[in-house]
Amino acid sequence: IVELIGRPIGHDGRPVQIVGVSDLNPTAPGILLAQEAALPVFIGDPIQFMQGIDVDLAFDLTGDPLMHTRLLSLPSRSFDVVTGQVSFLLWSVIHELEEQEIQLRAHLAEHRVLLEINQMLSRSETSQEIFEAIVMGGIRMTGMPAGSLSIFDKDKQQLFLVAAKGFSSDFFRQAIYSVRAGGLTEHILSRNEPVVIPNISECPSF
């Protein structure tokens, strides 16, 4: 398997671009992983694909001495060839850098949404506008299609629906409802942290 890298891992922090993965075997593990990751795949002799392609690094993960020799013997070679354990080590580093970049982008997106929420709240002049801004911010933060906000009256043990988005009109028919013993609301109120239930159908008590 030959991994082609579009730019070097430099001190300037530029991203690494994977140009493609090549193997003679269309069912090779590297080819299957590349397809899952939506990376370009070349089935055939890697040497043919290397000619005329502008890359900086080629990772030879075949373990075949002949392939290594052929890569080094390319007359127009302008790239470095990494093989053996070093190739696996660098490949791991690249994957780690990619994961860090994904996490950084996610954090930046969250901060951007929080800034937008803050701007909406600062422009809100009524409590209803504040409630709606909170719901819209929650929907944006979680990527959910719908959301609602209720205020809990501890003395009456009741919830007052104050804002909702993405629900049908039937959802608003009961704007005041009591906390049911053993129900989802009681479960949430009993915890001092966010509660995430990926699939409500797997929680029959709710």
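Calculation rules
Residues numbered from 1 in each chain as written. Predicted model: local features only at pLDDT ≥ 70, side-chain atom pairs only at ≥ 80, totals over all residues. Heavy atoms only, no water. Helix = DSSP H or I, 4+ residues; strand = E, 2+ residues; numbered from the N terminus. Contact = heavy atoms within 4.5 Å. Areas by Shrake-Rupley, 256 points an atom, 1.4 Å probe, with all protein chains shown as cover. Buried < 20%, exposed > 50% of the residue type's maximum accessible area, 1.4 Å probe, protein only. Core = buried A, V, L, I, M, F, W, Y, C linked by side-chain atoms within 4.5 Å. pLDDT = per-residue confidence, 0-100. Pairing = 2+ DSSP bridges. Right-handed = clockwise from strand over helix to strand, strands pointing away. Axes fitted to C-alpha atoms, helices over the stretch in contact; angles between N-to-C directions. Patch = residues over 30% accessible without salt bridge, like charges linked within 9 Å, V, L, I, M, F, W, Y side chains within 5 Å. Salt bridge = Lys/Arg side-chain N within 4 Å of Asp/Glu carboxyl O. Polar contact = N/O pair within 3.5 Å; in protein donor to acceptor, adjacent residues only side chain to side chain.

Quick look at the overall build of the protein chain
Right, so step 1: For the protein chain, the count of helices and strands is six helices and eight strands.
Right, so step 2: For the protein chain, the sequential pattern of α-helices and β-strands runs β-β-α-β-α-β-α-β-α-α-β-β-β-α.
Right, so step 3: Of the contacts formed within the protein chain by residues at least 6 apart in sequence, a portion of 33% connects residues at least 24 apart.
Right, so step 4: For the protein chain, the computed accessible surface area is about 13900 Å², with 56% contributed by carbon and sulfur atoms.

Let's talk about the environment of Thr 62
Right, so step 1: Along the chain, Thr 62 turns up in the loop between strand S4 (57-60) and helix H3 (65-72).
Right, so step 2: The partly exposed category is assigned to Thr 62, whose relative accessible area is 35%.
Right, so step 3: Between the alpha carbons of Thr 62 and Asp 23 there is a distance of 8.9 Å; along the sequence they are 39 residues apart.

Focus on the nonpolar core
Right, so step 1: Judged by nonpolar contacts, Ile 47, Met 50, Val 55, Ala 58, Met 67, Leu 71, Leu 74, Phe 79 and Val 81 together constitute the single largest core of nine residues.
Right, so step 2: Those residues in contact with Phe 79 that lie beyond four places of it in its chain are Met 50, Val 55, Asp 56, Leu 57, Ala 58, Leu 71 and Leu 74.

Remarks on the confidence of the model for the protein chain
Right, so step 1: For the protein chain, mean pLDDT is 80; residues scoring 70 or higher make up 87% of the total.
Right, so step 2: Across residues 7-11, where pLDDT falls below 50, the model places ten contacts with residues more than four positions away in sequence or in other chains.

Considerations on the environment of Ile 139
Right, so step 1: By secondary structure assignment, the location of Ile 139 is in helix H5 (residues 127-142).
Right, so step 2: Each C-alpha atom of the pair Ile 139 and Gly 166 lies 9.5 Å from the other, and the pair is 27 residues apart in sequence.
Right, so step 3: Other than its neighbours up to four places away in sequence, Ile 139 contacts Met 144, Ala 146, Gly 147 and Lys 165.

Focus: the pairing of strand S5 (residues 80-83)
Side-chain direction in a regular strand flips from residue to residue, so the side chains alternate between the two faces of the sheet.
Right, so step 1: The sheet contact formed by S4 and S5 spans four bridges and is parallel. The residue of S5 that forms the bridge with Leu 57 is Asp 80.
Right, so step 2: Where the polypeptide runs from S4 across H3 and back to S5, its parallel neighbour, the crossover connection is right-handed.

Remarks on the sheet that holds strand S7 (residues 158-165)
Right, so step 1: The strand order S6-S7-S8 describes an open sheet built from three strands, whose pairing is antiparallel. The open sheet has two edge strands, strand S6 (147-153) and strand S8 (176-178), and neither has a second partner. Each adjacent strand pair in this sheet contributes to an overall mean axis angle of 35°, direction not counted.
Right, so step 2: Pairing of S6 with S7, which is carried by seven bridges, proceeds in the antiparallel orientation.

Section: a nonpolar patch on the surface
Right, so step 1: Judged by side-chain polarity, Leu 89, Val 93 and Leu 97 come together as a nonpolar surface patch covering roughly 250 Å² of accessible area.
Right, so step 2: Here Val 93 shows up in helix H4 (residues 84-123).

A word on the side chain of Ser 124
Right, so step 1: Relative to the helices and strands, Ser 124 is located in the loop between H4 and H5.
Right, so step 2: Looking at Ser 124, the relative accessible area reads 16%, which means it is buried.
Right, so step 3: A polar contact is formed between the side chain of Ser 124 and the backbone oxygen of Met 120, at a distance of 2.8 Å.
Right, so step 4: Ignoring any residue separated from it by four or fewer positions in sequence, one finds Ser 124 in contact with Glu 129, Ile 130 and Ala 133.

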